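Inside the fold
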Amino acid sequence: MADKLLIVMVNTDPRNGSELGAPFFQATVAAAMEYEVEVVLTGRAGELAKKGVAENLYVQEGSSKSVYDFIKDAAEAGVTFKVCTPTLDLWGDDLIPEIEETVGGAYVISEAMDDDTVTFTY
């Protein structure tokens, strides 16, 4: 059985808040279950790594909990957040403090192909 969960957020559009809850919630739950969990932000979803973006997004209208609150909860549970290098070209390098590392495509592919890793994409 795999002991690592890799969540790659590449197709999720930050402009659609309802798409943002599940990946962060599932990452938090998996970390609480003591799995190793990494979330890699890339493509359009990479914008969430930029300071000021996730703080102003909400999973549902009227909620007092921002998407950034979900990210902070996940990080506190032990989730590691990474961003892909091309994302920096798109959105800049003023990143939220939860981003621990910048990685490239080869890293994502090698982790996804590892027998001990299950990969979810959003």
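Described in the following lines is the structure provided in the data block. (Residues numbered from 1 in each chain as written. Predicted model: local features only at pLDDT ≥ 70, side-chain atom pairs only at ≥ 80, totals over all residues. Heavy atoms only, no water.)

Some remarks on the pattern of salt bridges
- Summed over the entire model, instances satisfying the criterion amount to 11 salt bridges.
- The residue Arg 44 makes a salt bridge to Glu 47 at a minimum N-O spacing of 3.2 Å.
- Of the charged contacts in the structure, one is a salt bridge between Lys 82 and Glu 101, with a shortest N-O distance of 3.0 Å. Note that Lys 82 is positioned in strand S3 (residues 80-84) and Glu 101 in strand S4 (residues 99-103), a separation of 19 residues in sequence.
- Assessed through its relative accessible area of 6%, Lys 82 is described here as buried. (Salt bridge = Lys/Arg side-chain N within 4 Å of Asp/Glu carboxyl O. Helix = DSSP H or I, 4+ residues; strand = E, 2+ residues; numbered from the N terminus. Buried < 20%, exposed > 50% of the residue type's maximum accessible area, 1.4 Å probe, protein only.)

Overview of the side chain of Glu 111
- Counting through the fold element by element, Glu 111 comes out in helix H4 (residues 105-113).
- By relative accessible area, Glu 111 is classed as buried at 17%.
- Beyond its immediate sequence surroundings of up to four residues, Glu 111 is in contact with Lys 4, Leu 6 and Thr 117. (Contact = heavy atoms within 4.5 Å.)

Focus on a nonpolar patch on the surface
- Together, Phe 25, Val 29 and Met 33 give the surface a local cluster of nonpolar side chains, amounting to about 300 Å² of exposed area.
- Met 33 sits in the exposed class, given a relative accessible area of 53%. (Patch = residues over 30% accessible without salt bridge, like charges linked within 9 Å, V, L, I, M, F, W, Y side chains within 5 Å. Areas by Shrake-Rupley, 256 points an atom, 1.4 Å probe, with all protein chains shown as cover.)

A short note on the packing of aromatic side chains
- Using the criterion set out here, one finds 1 aromatic pair in the structure.
- Each ring, one from Phe 24 and one from Phe 81, has its centre 6.1 Å from the other, and the planes form 40 degrees; the classification is tilted. Residue Phe 24 is located in helix H1 (residues 21-32), and its partner Phe 81 is located in strand S3; the two are separated by 57 residues in the primary sequence.
- Its end group placed over the ring of Phe 70, Lys 65 keeps NZ or CZ at 4.7 Å from the ring centre. (Phe/Tyr/Trp six-rings, centres within 6.5 Å; stacked < 30°, edge-to-face > 60°. Lys NZ or Arg CZ within 6 Å of the ring centre and 35° of its normal.)

Looking at the nonpolar core
- Core analysis: the biggest nonpolar cluster contains 28 residues, and Met 9, Phe 24, Val 39 and Leu 48 have the highest contact counts within it.
- For this core, the secondary-structure elements that each account for two or more residues are strand S1 (4-9), H1, strand S2 (36-41), helix H2 (67-77) and S3.
- Broken down by element, the residue count for this core peaks at 5 residues, all from H2.
- Discounting residues that sit within four places of it in the chain, Val 39 has contacts with Ile 7, Met 9, Phe 24, Ala 27, Val 79, Thr 80, Phe 81 and Lys 82.
- In this structure, Leu 6, Val 40, Val 103 and Val 108 belong to the second largest nonpolar core, which totals 6 residues. (Core = buried A, V, L, I, M, F, W, Y, C linked by side-chain atoms within 4.5 Å.)

Side note on a negative patch on the surface
- Together, Asp 3, Asp 114, Asp 115 and Asp 116 make up a region of like negative charge exposed at the surface.
- Counting through the fold element by element, Asp 3 comes out in the segment before S1.
- Judged by its relative accessible area of 44%, Asp 3 is partly exposed. (Lys, Arg positive; Asp, Glu negative; His and termini not counted. Charge placed at Lys NZ, Arg CZ, Asp CG, Glu CD.)

Some remarks on the pairing of S3
- With 5 of its 5 residues buried, S3 lies for the most part within the structure.
- Burial along S3 is two-sided: Thr 80, Lys 82 and Cys 84 facing one way and Phe 81 and Val 83 facing the other are all buried.
- With 4 bridges joining them, S2 and S3 adopt parallel strand pairing. Within S3, the residue paired with Glu 38 across the bridge is Thr 80. (Pairing = 2+ DSSP bridges.)

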